[in-house]
Amino acid sequence: MAPSLVLTGARVVLPTGVVDDGRVVVEGTKITRAGAADAAGTTAAGAAPADAEVLDAGGHWLVPGFVDIHNHGGGGASFSGTVDDVLTAVRAHRLHGTTTLVASTVTDEMDLLVTQAGLLSELAEQGDIAGIHFEGPFISPCRKGAHSEELLRDPDPAEVRKLIDAGRGKARMVTLATELPGGVDSVRLLAEHGVIAAIGHTDATYEQTLAAIDAGATVATHLFNAMPTLGHRSPGPIAALLEDERVTVELINDGVHLHPAALELAFHHAGPARVAFITDAMDAAGSGDGRYLLGPLEVEVSDGVARLVEGGSIAGSTLTLDRAFKRAVTVDGLPVQDVVAALCANPARLLGLSDRVGSLEPGKDADLVLLDADFDLKGVMRQGEWVVTPQLP
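Residues numbered from 1 in each chain as written. Predicted model: local features only at pLDDT ≥ 70, side-chain atom pairs only at ≥ 80, totals over all residues. Heavy atoms only, no water.

Which residues make up the packing of helix α8 (residues 321-330) against helix α9 (residues 336-350), and what values do they have?
Packed helices, taken two at a time, are described by the angle their axes make and the gap between the axes. Packing of α8 against α9 leaves a shortest axis separation of 10 Å and a crossing angle of 150°. As the angle between them shows, α8 and α9 are arranged roughly antiparallel. Crossing of α8 against α9: the hand is right-handed. Of the residues in α9, those in contact with Leu 321, Phe 325, Ala 328 and Val 329 of α8 are Val 336, Val 339, Val 340 and Leu 343. Tallied by class, residues from the contact of α8 with α9 come to 8 nonpolar, no polar and no charged. (Axes fitted to C-alpha atoms, helices over the stretch in contact; angles between N-to-C directions. Helix = DSSP H or I, 4+ residues; strand = E, 2+ residues; numbered from the N terminus. Parallel < 35°, antiparallel > 145°, perpendicular 65-115°, else oblique. Left-handed = near helix turned anticlockwise from the far one by under 90°. Contact = heavy atoms within 4.5 Å. Nonpolar A, V, L, I, M, F, W, Y, C, P; charged D, E, K, R; others polar.)

Encoded structure:
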């Protein structure tokens, strides 16, 4: 077992609030104490082991490891690729603070998706990823975004079940255009199997969206994007998804997918407990500009913005969650504790992993992110091991 570690002096973001001059103790792979230190140097949970290493993180923020529920790749590699590709992408995002990650696929032939689900389920069983998100092929051709139209299909519950089964218990979420034939029945099927039904890439009306929520849909896939705009006579899916307390809304906070006013609108109406920041990242995240593939489609990344070569649609993002964090605080002016909820606690709750990750509490995995006063990433720990070793003054 690794030696015990005590991180002291940081502003620690706990579920109960921000603690100045906080203290977090890590023993092995777990957090054993977290809170304010008293004059004797102990936390409310007691003293740290006498032989523990002490790291002074004064002037920094200490927050939980980030949880990304919608991510297609990074570091030049895709979650639709080989085992090595998947692990490359996972490592790329860990370097930016994402310690828990769901691998998202894109629309492809069903046989290929079934095969990929088998590969990803093995990596989930090993703990490399937290599960699988199928984005497509059950989406609307009217709102296909960066998905191949000829491969789209209606959400037949039998085919949805085929993907669930291929995931061998590791399918976490399926994005559906629930207004399509079989959509609502597929939502019910997913709910019965404990898989998140997410409404996205949809042309649904307000009423159709409410019907899907009543059937068990609980997530809005990248709210505002790939769905009808909010209208005063036809409010569409956005109004239904924002107003319903059962729904968590995904937001891509990269300054490209959303205007700051749209993000503010979502936070105001959904509240910080119902927002999950995601990356929707593709291969170029953590890599650079150039030509890439997103599923079978070619993508050009220029100045960090990914667009289809044919048609010019936005094709995922090059975002990493450390950048989403910094933007949320410094540009959008959101409270740090609300941002931590959107990046950590809320997505962990959706995945059913709140007992392990998403907050700094005794008994949970030692997944930590250290940020400096400007909210730039300075250290990442996953299960007690440094992924990015802190370089502190």
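With reference to specific residues and values, describe the pattern of salt bridges.
Under the criterion given, the structure shown has 17 salt bridges. The salt bridge involving Lys 30 is made with Asp 365; its shortest N-O contact spans 2.5 Å. With Lys 30 in strand β3 (residues 30-36) and Asp 365 in the loop between α9 and β19 (368-371), this pair connects stretches of sequence that are 335 residues apart. Overall, the relative accessible area of 6% leaves Asp 365 in the buried class. One network of salt bridges, with partners in common, ties together Lys 30, Arg 356 and Asp 365. (Salt bridge = Lys/Arg side-chain N within 4 Å of Asp/Glu carboxyl O. Buried < 20%, exposed > 50% of the residue type's maximum accessible area, 1.4 Å probe, protein only.)

Tell me about the packing of aromatic side chains, residues and numbers included.
With the rule as written, the count across this model stands at 4 aromatic pairs. Relative to Phe 375, the ring of Phe 325 has its centre 6.1 Å away and its plane inclined at 25°; by these criteria the two rings are stacked. Taken together, the positions of Phe 325 in helix α8 and Phe 375 in the loop between β19 and β20 (377-382) put the pair 50 residues apart, joining distant regions of the chain. Under the relative-accessibility criterion, Phe 325 is labelled buried at 0%. Overall, Phe 375 belongs to the buried group, its relative accessible area being 10%. (Phe/Tyr/Trp six-rings, centres within 6.5 Å; stacked < 30°, edge-to-face > 60°.)

Describe the pairing of strand β9 (residues 98-105), with residues and values.
Across the 8 residues of β9, 8 count as buried, placing the element largely inside the fold. As defined by bridge partners, strand β6 (residues 66-71) adjoins β9 across 4 bridges and the pair is classed as parallel. If you follow Val 67 over to β9, its bridge partner there is Thr 100. In this structure, β9 lies alongside strand β10 (residues 132-135), joined through 3 bridges in parallel fashion. Pairing of Ala 103 across the sheet is with Ile 132, part of β10. Handedness of the crossover is the feature at issue here: the chain leaves β9, passes through helix α2 (residues 110-125), returns alongside β10, and the resulting connection is right-handed. (Pairing = 2+ DSSP bridges. Right-handed = clockwise from strand over helix to strand, strands pointing away.)

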